[in-house]
Amino acid sequence: ASLATTFLNHTYENPFMNASGVHCKDTKELNELDNSKSSTFITKSSTSLKREGNPEPRYFSVPLGSINSMGLPNEGFNYYLKYVIDRQQRMPKGNPAFFSVAGMSVDENLKMLKAVQDSDFNGVTELNLSCPNVPGKPQVAYDFDLLGEILQKVFEFFTKPLGVKLPPYFDFAHFDTAASILNRFPLVYVNCINSIGNGLYIDIEKESVVIKPKNGFGGLGGEYIKPTALANVRAFYTRLNPSIKIIGTGGIRTGGDAFEHLLCGATMLQVGTELYKEGVSVFDRIERELKEIMEKKGYTSIEQFRGKLRTL
Ligand code: RRO
């Protein structure tokens, strides 16, 4: 079976990459991803200026996943843009990379996207509208007026391939409204989902929270969130224009999880919590497991089953 995946006129060896934020904060981690069995990578969401992020501990692995309140620690926009452009020059035939931005205001996002537009970067840009962890900054994508307004302003000048990172939605009214807004713009993809915002994990022994920022509240990832991730992938796959692809993120730990995201309609797949836990060798294992499932079922390509989830 082949895992070959065509996304925006480029065929990748497989659909797998990291989820932004995990294993992508500096050149060392990015180089490890680039040399791993993932087919490409995405950089840590950046802000115009370097940020230290929230106080530690700010990421905690738990039996069924993870909770984080990193607070957007990053080396700054220029650091990651330079990384992806240098790589492009070093490997002009390399797979296109993904570059994530998460400004703290509309203007900061517009300023960074203008700089991407004016740069030599020829990969894919992701606008993160769903960071749950900056105290005092609500998630943009939960404010539908703001969501439409920012995309309107972005597409007045941005002509390179752009996707958006969405938070999970939990109501059909919200799936419908979000999709009708997103369908007005020439987005190339939506990425479902970011962490489920503001969960609370408790250590019974210590009668305490496990991360320091926001009195322990943080974004959930991993096994906990797979059903919500699948629902969002499916809801947007069935509502968006076919030209807007879906990246599936949330609870991908095994080849079976990857298969489920693909059945729901995802094209590329991102691994966060499990990559944090296992390191980049996670990609070898998940790819092997996905191929085994496909071969058992008689599939030779992902296209044969992508999106073809059955209902009762
Ligand atoms: O840095 C973070 O706290 C963070 C971000 Br920007 C995000 O988009 N999602 C997340 O779970 N953590």
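All values derive from a computational prediction rather than experimental measurement.

Caption draft 1: Fine view of the packing of helix α6 (residues 226-237) against helix α7 (residues 255-264). Axis separation between α6 and α7 bottoms out at 8 Å; the angle between their running directions is 25°. Overall, the two elements α6 and α7 adopt an arrangement that is roughly parallel. α6 and α7 meet at a crossing whose hand is right-handed. Facing α6, whose interface residues are Lys226, Ala229, Leu230, Val233, Arg234 and Tyr237, α7 presents Asp257, Glu260, His261, Leu263 and Cys264. Of the residues in the contact of α6 with α7, the class split is six nonpolar, one polar and four charged.

Caption draft 2: Quick look at the sheet that holds strand β4 (residues 59-62). Judged by pairing direction, the sheet is antiparallel, and its four strands sit side by side in the order β4-β5-β13-β10 without closing on themselves. The open sheet terminates on both sides in strands that have one partner only, identified here as β4 and β10 (196-200). Along the sheet, successive strands turn relative to each other by an average axial angle of 40°, direction set aside. Across three bridges, β10 lies against strand β13 (residues 217-221) in antiparallel orientation.

Caption draft 3: Here's a closer look at the state of the cysteines. Applying the stated rule across the entire model yields zero disulfides. Summary of cysteine pairing: Cys24 is not part of a disulfide, and the nearest cysteine sulfur, belonging to Cys131, is at 13 Å. In this structure Cys264 is a free cysteine whose sulfur lies 11 Å from that of Cys192, the closest cysteine sulfur available.

Caption draft 4: How the structure looks around the pairing of strand β15 (residues 268-271). Side-chain alternation along β15 places Met268 and Gln270 on one buried face and Leu269 and Val271 on a second face that is also buried. Note that strand β3 (residues 16-18) and β15 share three bridges and pair parallel. Within the sheet, the bridge partner assigned to Asn18 lies in β15 and is Val271. The pairing of strand β14 (residues 245-249) with β15 spans three bridges and is parallel. Counted as the bridge partner of Gly248 is Leu269 from β15. Handedness of the crossover joining β14 and β15 through α7: right-handed.

Caption draft 5: Quick peek at the packing of aromatic side chains. This model, assessed by the stated rule, comprises 18 aromatic pairs. Judged by centre distance (5.9 Å) and plane angle (15°), the ring pair of Phe155 and Phe185 falls under stacked. Highlighted residues: Phe155 in the loop between α4 (144-154) and β8 (162-166) and Phe185 in the loop between α5 (172-182) and β9 (189-192), separated in sequence by 30 residues. Phe155 gets classed as buried once you look at its relative accessible area, which sits at 18%. For Phe185, a relative accessible area of 8% corresponds to the buried category. One aromatic cluster is present, built from ring pairs that chain together Tyr142, Phe144, Tyr169, Phe172, Phe175 and Phe236. Lying across the ring of Phe157, Lys114 places its NZ or CZ 4.8 Å from the centre.

Caption draft 6: Broad picture of the site of the ligand. Surrounding the ligand, one finds Lys44, Asn68, Met70, Gly71, Leu72, Pro73, Asn128, Cys131, Pro132, Asn133, Asn194 and Ser195. In this structure, Lys44 approaches the ligand through a side-chain N or O atom, which is 2.8 Å from an oxygen atom. One of the backbone nitrogen or oxygen atoms of Leu72 is found 2.8 Å away from an oxygen atom of the ligand. Here the ligand, which alone exposes 320 Å², has 92% of that area covered by the protein. Class assignment for the residues of the shell around the ligand results in five nonpolar, six polar and one charged.

Definitions and limits used
- Residues numbered from 1 in each chain as written.
- Predicted model: local features only at pLDDT ≥ 70, side-chain atom pairs only at ≥ 80, totals over all residues.
- Heavy atoms only, no water.
- Axes fitted to C-alpha atoms, helices over the stretch in contact; angles between N-to-C directions.
- Helix = DSSP H or I, 4+ residues; strand = E, 2+ residues; numbered from the N terminus.
- Parallel < 35°, antiparallel > 145°, perpendicular 65-115°, else oblique.
- Left-handed = near helix turned anticlockwise from the far one by under 90°.
- Contact = heavy atoms within 4.5 Å.
- Nonpolar A, V, L, I, M, F, W, Y, C, P; charged D, E, K, R; others polar.
- Pairing = 2+ DSSP bridges.
- Disulfide = S-S within 2.5 Å.
- Buried < 20%, exposed > 50% of the residue type's maximum accessible area, 1.4 Å probe, protein only.
- Right-handed = clockwise from strand over helix to strand, strands pointing away.
- Phe/Tyr/Trp six-rings, centres within 6.5 Å; stacked < 30°, edge-to-face > 60°.
- Lys NZ or Arg CZ within 6 Å of the ring centre and 35° of its normal.
- Near = heavy atom within 4 Å.
- Polar contact = N/O pair within 3.5 Å; in protein donor to acceptor, adjacent residues only side chain to side chain.
- Areas by Shrake-Rupley, 256 points an atom, 1.4 Å probe, with all protein chains shown as cover.

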